[in-house]
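Observations on the three-dimensional arrangement
For reference, the chains in residue letters:
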Amino acid sequence: MNLKKYLVRALHRLQKGPGYTYKELLVWYCDNTNTHGPKRIIKEGPKKKLIWFFLTLLFASLVFWQWGILINTYLSYNVTSSLSIGFKTMKFPAVTVCNANPFKYSEVKPLLKELDRLIEAALERILQPGNSSDDVYPPLDLELWNQMPLVLIDEHDKDNPIILDIFETNQTAMGNETMGNLTTALPTPDAENLTTAPSTRDGENLSTALPTPDAENLTTALPTPDAGNLTTAPPTPANSTTEEKKYKLAVKLCSSPGSDNCTYRNFSSAAQAVTEWYLLQATSILSKVPLHDRIRMGYQAEDMILACLYGAEPCNYKNFTQIYHPDHGNCYIFNWGMDEEALNSSNPGAEFGLKLILDISQQDYIPYLSSAAGARLMLHQQKSFPFLKDQGIYAMAGTETSIGVLVDELERMGYPYSDCTVNGSDVPVTNLYSQYNTSYSIQACLRSCFQNHMVESCGCGHYMFPLPEGVNYCNNEDYPGWGLDFPYSVLRKGYVNKCDSGQVSERNKHFIFSAEPVNSSLTRALALGQRRNGVIKLNIYFQEYNYRTISESAATTIVWLLSSLGGQFGFWMGGSVLCLIEFGEIIIDSLWITIINLISWCKGLKQRRARARYPDAPPTVSELVEAHTNLGFQHEAGGAGPGAQALPPEPGTPPPNYDSLRVQPLDTPGPDSDTDTE
């Protein structure tokens, strides 16, 4: 019952309101607040009131301006980085070693036989057009060539460039002259232009003129099947004419063989054009080979890893974990930490690191595919996938390379200070590298994003990246338009822009291993019966036994924000938190008064509308009762005619009978009347 009475009283209090006006409320606040300034406004003279009102308004504006700056600074979530140096027993990094050549040429030669014959014939036509012979035995199978041919673009006439197919049988003398000039000069390697134009033959015009970058003499000769590396040819004379510099080699990408919807991929040199064309064709061929066959065609651990020593403990190829890398074939990881604990390093120096001797079998390299002979290696954290194309380093064949390792420990802040993620679960990209049970990384996110976009655009995946479930690799036979629908230049230039790069960073602690080659010298003769130019010796060790920690911390915290807001308020107006509570109190009272006034105004408006509809005042209860009980009242029948109908009597009170209210004398006989009667 007490609670009910309290609620009823509270309701009545709310309905009644504070009981004073806005002016009274403002005067009360200025007289009782602890904030400096408002009291002076109501207690000083007229002139001082005006001065103090202006000063109070000015300083209040400064306070709110400073508060806005402070709040905006806090909501920007800036971070500060600090650097510290520590000493402790560190885990030796995972070491991934691969051969620069992904497959043994002796194993893949049956698959690339026709491709090699095509590239040899194309090189002969490009480099020696006058001596090229059309009688090739056995005849060339141009079906593979027509899927993605190399063409020569003659731009002597920029408005009407001429496109010549290298294997076109009815080439004119002008075409042969053009092919001859190609051996002298080609465009400069400044940029690679990708232009789209309909397919044309000799003498036909292009609807879109192909751009002509500045040309430069070709100094790099094209490789031959007998040599695994590119060789350098003598430079051409410096006074080459301008006309000799207006030729390009390009890869022709069409939606289907013989289609007019084509794209021409220009290259800066003949060597680059042939290498890229060969890589595309080989990728198309090898993408149809099952994974277990590709692993078999690669370099095996027992053949590649000749010797291994970690500190004073010997090791062998069985201490390495094998993975298949699309760029480099079979790769082997030491100290990956997947199946056993990672190894620790107790001291710096080469005697306490990892020593490897590798045989890369340089004599079995694939011609035209690999431009360098050596090993590709990378140092990375345990349980992380090695992205050698981005972070790997080369070790030259026939050398001994010593690599000193420096460790940086990086600690990043998470949301809302950055878009970093813990394990990639909150990133809207399916991580295709999760099949390796590795940790999340930026490279894994970007490549997964690119592969997903390519699957959506072409219906197939790129050979260099893992495949989603139920998807096949792209090739020229099953997906002839994949190079045009999703140009492979996007892979090299713009696929990062297609992905949400704001959500691809790691959070929490992870290590960065800086590999600095200390020295690289030619190896001495090894008593292993191996060719020296195919053997590599590696020394990997901690250069210093300390590590640097780069940690991020919040530049502004909630404590900083509150102290800064209070400092500005106290400095400009001498206020505190209690002053803010007082100010909040009058705001609540003002809203309360406003609500009560609105309710009263709505009620008054409703009553005024009712009076406008019924101008006469409504009868009272006593009047209604009198009208029904006094039957003597008769309504006047005004305007009644002979044919008019009598209206029912209206209730009301009849006029009073004033004669009945007068005092009449008593009717009694007098004495005179008695006398007369007698």
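All values reported here derive from a predicted model rather than from experimental measurement. Here the residue numbers are simple positions, counted from 1 along each chain's written sequence. Side-chain atom pairs in this predicted model are given and counted only at pLDDT of 80 or more, local residue features only at pLDDT of at least 70, and totals for whole chains, interfaces and linings cover all residues. Hydrogens are left out, water is left out, and the side-chain values use all remaining heavy atoms of the structure.

1. Some remarks on the overall build of the chain
The cut-off we apply is this: Secondary structure elements follow DSSP: runs of H or I of four or more residues count as helices, runs of E of two or more count as strands, with numbering from the N terminus. Should any heavy atoms of two residues lie within 4.5 Å, those residues are counted as being in contact. Using a 1.4 Å probe, the Shrake-Rupley method yields the accessible areas, and only the shown protein chains count as cover for residues.
In terms of regular secondary structure, the chain is built from 18 helices and 21 strands. Considering only contacts in the chain between residues 6 or more positions apart, those separated by 24 or more positions represent 75%. Carbon together with sulfur atoms contributes 55% to the accessible area of the chain, which is approximately 38800 Å² in total.

2. Focus: the state of the cysteines
Just so we agree on the cut-off: By disulfide we mean two sulfur atoms from cysteines, separated by a distance within 2.5 Å. Between buried and exposed lies partly exposed: a residue is buried under 20% and exposed over 50% of the maximum accessible area for its type, with that area taken using a 1.4 Å probe on protein chains only.
Taken as a whole, this structure holds three disulfides when the rule is applied. Each sulfur in the disulfide pair Cys98 and Cys331 lies 1.9 Å from the other. One disulfide, between Cys98 and Cys331, carries an S-S torsion of 120° and so falls in the right-handed class. Residue Cys98 is located in strand 3 (residues 94-99), and its partner Cys331 is located in strand 14 (residues 329-334); the two are separated by 233 residues in the primary sequence. Side by side, Cys98 and Cys331 carry an identical accessibility label, which is buried. Put simply, Cys460 and Cys474 are joined by a disulfide, and their sulfur atoms are 1.8 Å apart. On the sign convention where negative is left-handed, the bridge of Cys460 and Cys474, at about 95° about the S-S bond, is right-handed.

3. Overview of a nonpolar patch on the surface
Definition in use: Each patch is built from residues that are more than 30% exposed by relative accessible area and take part in no salt bridge. Like charges join if they lie within 9 Å; nonpolar side chains (Val, Leu, Ile, Met, Phe, Trp, Tyr) join within 5 Å. Criterion for a salt bridge: a side-chain nitrogen of Lys or Arg within 4 Å of a carboxyl oxygen of Asp or Glu.
Among the surface-exposed residues, Ile558, Val559 and Leu562 lie close enough to one another that they form a single nonpolar patch of about 310 Å² accessible area. Within the element layout of this structure, Val559 appears in helix 15 (residues 558-573).

4. Overview of the pairing of strand 17 (residues 374-380)
Definition in use: Paired strands, in this sense, are two strands between which DSSP finds at least two bridges.
Of all seven residues making up strand 17, seven are buried, and the element is well covered by its neighbours. The pairing of strand 3 with strand 17 spans six bridges and is classified as antiparallel. Among the inter-strand pairings, Val97 is bridged to a residue of strand 17, identified as Leu377. For strand 17 and strand 18 (residues 393-396), the ladder comprises four bridges, and the chain directions are antiparallel.

5. Regarding the environment of Pro161
Assignment of secondary structure puts Pro161 in the loop between strand 4 (150-154) and strand 5 (162-165). Since its relative accessible area comes to 0%, Pro161 is described here as buried. In this structure the C-alpha to C-alpha distance between Pro161 and Tyr247, which are 86 residues apart in sequence, comes to 9.8 Å.

6. Digging into the nonpolar core
Put simply, the rule is: Side-chain atoms within 4.5 Å link the members of a nonpolar core, which is a set of buried Ala, Val, Leu, Ile, Met, Phe, Trp, Tyr and Cys residues.
In this structure, Trp277 and Tyr278 are the most contacted members of the largest nonpolar core, which totals 58 residues. The set of elements that each furnish at least two residues to this core consists of strand 3, helix 5 (105-127), helix 6 (143-147), strand 9 (247-254), helix 8 (270-286), strand 13 (320-325), strand 14 and helix 12 (442-458). Not counting the four nearest positions on each side in its chain, Trp277 is found in contact with Leu115, Leu118, Ile119, Trp145, Met148, Pro149, Leu150 and Val251.

7. Topic: the pattern of salt bridges
Per the stated rule, a full pass over the model turns up 10 salt bridges. Ionic pairing is found between Lys43 and Asp31, a salt bridge with its closest N-O pair at 3.3 Å. Of this pair, Lys43 sits in helix 3 (residues 38-43) while Asp31 sits in helix 2 (residues 22-32), placing them 12 residues apart in sequence. Given a relative accessible area of 56%, Lys43 falls into the exposed group. Its relative accessible area of 34% is what places Asp31 among the partly exposed residues. Each of the salt bridges in this network shares a partner with another, and the network as a whole consists of Glu107, Asp293 and Arg296.

8. Observations concerning the pairing of strand 14
Among the six residues in strand 14, six count as buried, and that is most of the element. Here four bridges tie strand 3 to strand 14, and the two strands are oriented antiparallel to one another. Residue pairing in the sheet places Thr96 in a bridge with Ile333 of strand 14. Inspection of the sheet shows strand 13 paired to strand 14 by six bridges, in the antiparallel sense. By the bridge assignment for strand 14, Ile323 is matched with Cys331. Where strand 13 folds back onto strand 14 in an antiparallel hairpin, the turn is made up of three residues.

9. Thoughts on helix 4 (residues 46-75)
Using the following cut-off: To estimate the expected span of a helix, count its residues, drop one, and scale the result by 1.5 Å.
Look at helix 4: 43 Å from first C-alpha to last across 30 residues, which is about the 44 Å you get at 1.5 Å a residue. Three or more residues of helix 4 are buried, namely Thr56, Ala60, Val63, Gln66, Trp67, Leu70 and Tyr74. Against helix 3, helix 15 and helix 16 (577-613) lie the buried residues of helix 4. Just beyond helix 4, the residue with positive phi is Tyr77, at close to 50°.

10. Some remarks on the sheet that holds strand 3
To be explicit about the condition: Angular values range over 0 to 180 degrees, each being the angle between N-to-C directions of two axes fitted as lines to C-alpha atoms, with helices fitted over their stretch in contact.
Spatial ordering of the open sheet is given by 13-14-3-17-18, a layout of five strands whose pairing is antiparallel. What marks the edges here is a single partner per strand, and that holds for strand 13 and strand 18. Neighbour-to-neighbour, the strand axes of the sheet open up by a mean angle of 30°, direction not taken into account.

11. Some details on unusual backbone geometry
Here Tyr415 and Pro416 are connected by a cis peptide whose omega angle stands at 5°. Tracing the chain through its elements places Pro416 in the loop between strand 19 (399-412) and helix 12. Positioned with a positive phi, Tyr77 is a non-glycine residue whose angle comes to about 50°. When you line up the elements, Tyr77 lands in the loop between helix 4 and strand 1 (79-86).

12. Notes on the packing of aromatic side chains
Definition in use: Working definition: a ring pair exists when centres of Phe, Tyr or Trp rings (six-membered ring for Trp) sit within 6.5 Å. Plane angles under 30 degrees give stacked, over 60 give edge-to-face, the rest tilted.
According to the stated counting rule, one finds 20 aromatic pairs in the structure shown. Where Trp145 meets Trp277, the ring centres are 5.2 Å apart and the plane angle is 55°; that geometry is what we call tilted. With Trp145 in helix 6 and Trp277 in helix 8, the pair connects residues that are 132 residues apart, well separated along the chain. On the numbers, 5.4 Å between centres and 80° between planes, the contact of Phe450 with Phe465 is edge-to-face.

13. Regarding helix 8
Each turn of an α-helix holds 3.6 residues, which means side chains three or four residues apart point in the same direction. Counted at 1.5 Å a residue, the expected span for helix 8 with its 17 residues is 24 Å, and the 24 Å between its end C-alpha atoms agrees. Counting buried positions along helix 8 yields 14 of 17 residues, so the element is predominantly enclosed.

14. Observations regarding the packing of helix 5 against helix 8
Where we set the bar: Angle categories are assigned with fixed cut-offs, so that under 35 degrees is roughly parallel, over 145 is roughly antiparallel, 65 to 115 is roughly perpendicular, and the rest are oblique. Crossings are assigned a handedness: left-handed for a near helix turned anticlockwise from the far helix by less than a right angle, right-handed for a clockwise turn. Throughout this entry, Asp, Glu, Lys and Arg are counted as charged residues, while Ala, Val, Leu, Ile, Met, Phe, Trp, Tyr, Cys and Pro are counted as nonpolar. The remaining residues, Gly among them, count as polar.
Packing of helix 5 against helix 8 leaves a shortest axis separation of 10 Å and a crossing angle of 160°. The orientation of helix 5 with respect to helix 8, classified from their angle, is roughly antiparallel. Considering only the axes of helix 5 and helix 8, their crossing is right-handed. In this structure, helix 5 contributes Leu111, Leu112, Leu115, Asp116, Leu118, Ile119 and Leu123 to the contact, and helix 8 contributes Val274, Trp277, Tyr278, Gln281, Ala282, Ile285 and Leu286. Looking at the contact of helix 5 with helix 8 residue by residue, the classes come out as 12 nonpolar, one polar and one charged.

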